[in-house]
Amino acid sequence: MPIWNPEYETMPRDQLEKLQAKRLKEVVARLAATSPLYKKRFADAKVTADDINSLDDLSRLPFTEKSDFRDHYPYGMFIVPMDQVVRIHASSGTTGKPTVGGYTRADMDLWAEVMARTVSSAGVTNQDIVHNAYGYGLFTGGLGFHLGADRVGATVIPMSGGLTRRQVMLMEDFGATVLTSTPSYSLVIAEEAADMGIDFKKRMKVRVGIFGAEPWTEKMRHEIQEKLGVEAFDIYGLTEIIGPGVAVECPQHNGMHINEDHFLAEIIDPITGERLGYDQEGELVFTTLTKEAMPVVRYRTRDRTILHADKCACGRTTVRMEKIMGRTDDMLIVRGVNIFPQLIEKTLLSIEDIEPHYQIVIDRPKDQLDTLEVWVEASPRLFQPIDTRRLDELQTRVSTELMQTLGISASVKLMGPKSIARSEGKARRVVDKRDL
Ligand code: ADP
Ligand code: ZN
């Protein structure tokens, strides 16, 4: 499997770390000179670029938080004049104002480069036809993948999300060999194909899927690989850093290699802010080393993972981040107990006859304890004809397993096929109706 940029992706670690330290010093100097926000932060922390001489000096630098983006909405995080900004993107921001990202011409080039590395890591070449079902628009997914697939010379089909029946038809007619979408939407496509009487695995030429933008478990990977007959690659990114292109799995599937020559990663204790080492779980923090329009220092992603720096068989020397284990802010506290949605997903998908479509609904009826409901679809075959005995058994089984893993009881609702709303982009797994 070709490596897009061997010079940087396989650079000996000592050399890579030297390069990172040099770039870190430069970005701190640049921010101190151009950004009122960072000028003040660095002054408060009593640190200047002169103090930054190795990666050990990182911990002297202040953090950047999501709230900084909100407080400086829309363009306050940019450090170049608008005549140099050639593109704006923004996160979905379902509540309140979105998080805005700005790109200079050089940033766009960097984005194409890291996305070319990304798709290459999944084996995509100019021989491929890429069906890109990530949403086009302000969301970074669609246009980010477009850039990378274009750069490697693949044939890009700019589908965007939605009109699923048409997606299935065009995937077949155009002979797509690669599917890029959110993991949840890939299952919607597979389901639609089945409804159309199309045997996806047999009729489609798709061999690779690159899925990300939302958390998904190993169980979900197996479901997807099974239903679509593809090798599924996980990809990670976020608007504040660049969009997709921050990290991607290699064919070893043992974590996502981070493009460390551009994005310096560390893990911190989310409570104390202290730096943790490799192989330790905590909050992922990024510093952009080469971005022009909107560099960030020690951005707290709120995503929880572990970094590994041991050798990977693929030849890349960059660190690997494990699958995102959840967000420090998506931990639900239900009746005082910490609950992670991904643990619920993992439990559900380990049970036979349970489909990968679910929603977690939490409520707090007046003056009462929190209620936790898990709505999940059971296999369509239990509904034609309806097999009440098996459904009852299944309901008990799911309740028992959830009780065992979560430590509190959940009321389980088994649903018929397609009763849980499907999403074209990121799936909405948690509905918290409490007024917290
Ligand atoms: P938003 O989700 O707020 O619209 P983004 O599109 O920038 O904003 O999403 C970035 C977030 O999406 C990440 O911080 C992370 O929580 C999540 N995410 C992205 N890729 C993955 C992935 N492969 N696995 C798990 N979570 C992911
Ligand atoms: Zn690897």
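Thresholds applied
Residues numbered from 1 in each chain as written. Chains lettered and ligands numbered in written order. Predicted model: local features only at pLDDT ≥ 70, side-chain atom pairs only at ≥ 80, totals over all residues. Heavy atoms only, no water. Near = heavy atom within 4 Å. Polar contact = N/O pair within 3.5 Å; in protein donor to acceptor, adjacent residues only side chain to side chain. Areas by Shrake-Rupley, 256 points an atom, 1.4 Å probe, with all protein chains shown as cover. Helix = DSSP H or I, 4+ residues; strand = E, 2+ residues; numbered from the N terminus. Nonpolar A, V, L, I, M, F, W, Y, C, P; charged D, E, K, R; others polar. Salt bridge = Lys/Arg side-chain N within 4 Å of Asp/Glu carboxyl O. Buried < 20%, exposed > 50% of the residue type's maximum accessible area, 1.4 Å probe, protein only. Donors = N, O, S within 2.8 Å, 3.2 Å for Na, K, Ca; no water. Pairing = 2+ DSSP bridges. Right-handed = clockwise from strand over helix to strand, strands pointing away. Contact = heavy atoms within 4.5 Å. Domains from an automatic or database assignment. Buried area = accessible area lost by both parts, 1.4 Å probe. Axes fitted to C-alpha atoms, helices over the stretch in contact; angles between N-to-C directions. Parallel < 35°, antiparallel > 145°, perpendicular 65-115°, else oblique.

Another aspect to go through is the site of ligand 1. Taken together, 19 residues surround ligand 1, and among them Ser92, Ile235, Thr239, Asp303 and Arg327 come closest. Asp234 has a polar side-chain atom sitting 2.8 Å from a nitrogen atom of ligand 1. Here Lys426 contributes a side-chain N or O atom positioned 2.8 Å from an oxygen atom of ligand 1. Coverage of ligand 1 by the protein amounts to 90% of the 570 Å² it exposes when considered alone. Tallying contributions element by element places strand β7 (residues 231-238) first for the shell around ligand 1, with five residues. In the shell around ligand 1, the residues fall into seven nonpolar, six polar and six charged.

Between side chains of opposite charge, a pair can form when the charged atoms approach closely. Going through the model one piece at a time under the given rule, you end up with 38 salt bridges. In this structure, Glu26 engages Lys22 in a salt bridge whose closest nitrogen and oxygen atoms are separated by 3.6 Å. Residue Glu26 and its partner Lys22 are both found in helix α2 (residues 13-34); the two are separated by four residues, about one turn of the helix. On the accessibility criterion, Glu26 (41% relative accessible area) is partly exposed. With its nearest N and O atoms 2.9 Å apart, the salt bridge here joins Arg221 to Glu218. You can see Arg221 and its partner Glu218 sitting in helix α10 (residues 218-228), three residues apart, about one turn around the helix. Here the salt bridges share partners, and the residues they tie into one network are Asp353, Arg381, Arg390 and Glu393.

Glancing now at the coordination of the zinc ion (ligand 2). At 2.1 to 2.3 Å from the zinc ion (ligand 2) lie its protein donor atoms, namely Cys250 (SG), His257 (NE2), Cys312 (SG) and Cys314 (SG). In primary sequence terms, the donor set of the zinc ion (ligand 2) follows C-x6-H-x54-C-x1-C. Note that His257 is positioned in strand β9 (residues 256-258) and Cys314 in the loop between β14 (307-308) and β15 (320-321), a separation of 57 residues in sequence. Of the two residues, His257 and Cys314, both sit in the buried class.

Now for the pairing of strand β6 (residues 208-212). Here β6 lies mainly inside the structure; five of its five residues are buried. Side chains Val208, Ile210 and Gly212 project from β6 onto one buried face, and the interleaved Gly209 and Phe211 project onto a second face that is buried too. In the sheet, strand β5 (residues 178-181) pairs with β6 via four bridges, with the strands oriented parallel. Residue Ser181 lies in a different strand from β6, and its bridge partner there is Phe211. Here β6 runs beside β7; their pairing, made up of five bridges, is parallel. The residue of β7 that forms the bridge with Phe211 is Asp234. The parallel pair β6 and β7, bridged by α10, forms a crossover whose chirality is right-handed.

What follows covers the environment of Arg166. Looking at where Arg166 falls in the secondary structure, it is placed in helix α7 (residues 164-173). Taking the C-alpha atoms as reference points, Arg166 and Ala193, separated by 27 residues in sequence, lie 10.0 Å from one another.

So, about the side chain of Thr239. Mapped onto the elements of the fold, Thr239 is located in the loop between β7 and β8 (243-249). Those residues in contact with Thr239 that lie beyond four places of it in its chain are His89, Ala90, Ser91, Thr99, Val100, Gly101, Thr140 and Met294.

For the protein chain, the domain assignment lists domain 1 (1-329) and domain 2 (337-432). Relative placement of domain 1 and domain 2: their C-alpha centres are 30 Å apart. Listed by partner, the interface residues are 25 residues for domain 1 and 17 residues for domain 2. Buried area between domain 1 and domain 2, summed over both chains or domains, comes out near 1800 Å², and the portion from carbon and sulfur atoms is 54%. Between the two partners, domain 1 and domain 2, sit three salt bridges. For Arg422, the salt bridge is made with Glu191, and the minimal N-O distance between the two is 2.6 Å.

Right, let's get into the packing of α7 against helix α8 (residues 183-195). One way to put it is that α7 packs onto α8 with a least axis distance of 9 Å and a crossing angle of 80°. In terms of orientation, α7 lies roughly perpendicular with respect to α8. Facing Thr164, Arg165, Gln167, Val168 and Met171 of α7, the residues of α8 in contact are Tyr185, Val188, Ile189, Glu192, Ala193 and Asp195. Here the residues of the contact of α7 with α8 sort into six nonpolar, two polar and three charged.

Our next topic: the environment of Arg434. Along the chain, the position of Arg434 falls in the segment after β21 (430-432). In this structure, the C-alpha to C-alpha distance between Arg434 and Lys366, residues 68 residues apart in sequence, is 9.9 Å. Ignoring sequence-local partners within four residues, the contact set of Arg434 consists of Ile333, Val334, Ile362, Asp363, Arg364 and Asp370. Separated by 2.7 Å, the side chain of Arg434 and the backbone oxygen of Ile333 make a polar contact. Polar side-chain contacts of Arg434 include one of 2.9 Å to the side chain of Asp432.

Looking now at the sheet that holds strand β12 (residues 282-288). With respect to topology, four strands assemble into an open sheet ordered β11-β10-β12-β13, the strand pairing being antiparallel. Two strands close off the open sheet at either side, each with one partner strand: β11 (275-276) and β13 (299-305). Inspection of the sheet shows strand β10 (residues 263-268) paired to β11 by two bridges, in the antiparallel sense. Counted as the bridge partner of Ile267 is Leu276 from β11.

A word on the sheet that holds strand β19 (residues 371-378). Overall, mixed pairing links the four strands, which are arranged β20-β19-β18-β21 in an open sheet. Only two strands of the sheet have a single neighbouring strand rather than two, namely β20 (411-415) and β21. Taken pair by pair, the neighbouring strands of this sheet meet at an average axis angle of 20°, ignoring direction. Here seven bridges tie strand β18 (residues 354-363) to β19, and the two strands are oriented antiparallel to one another. Looking across to β19, one finds that Ile360 is bridged to Val374.

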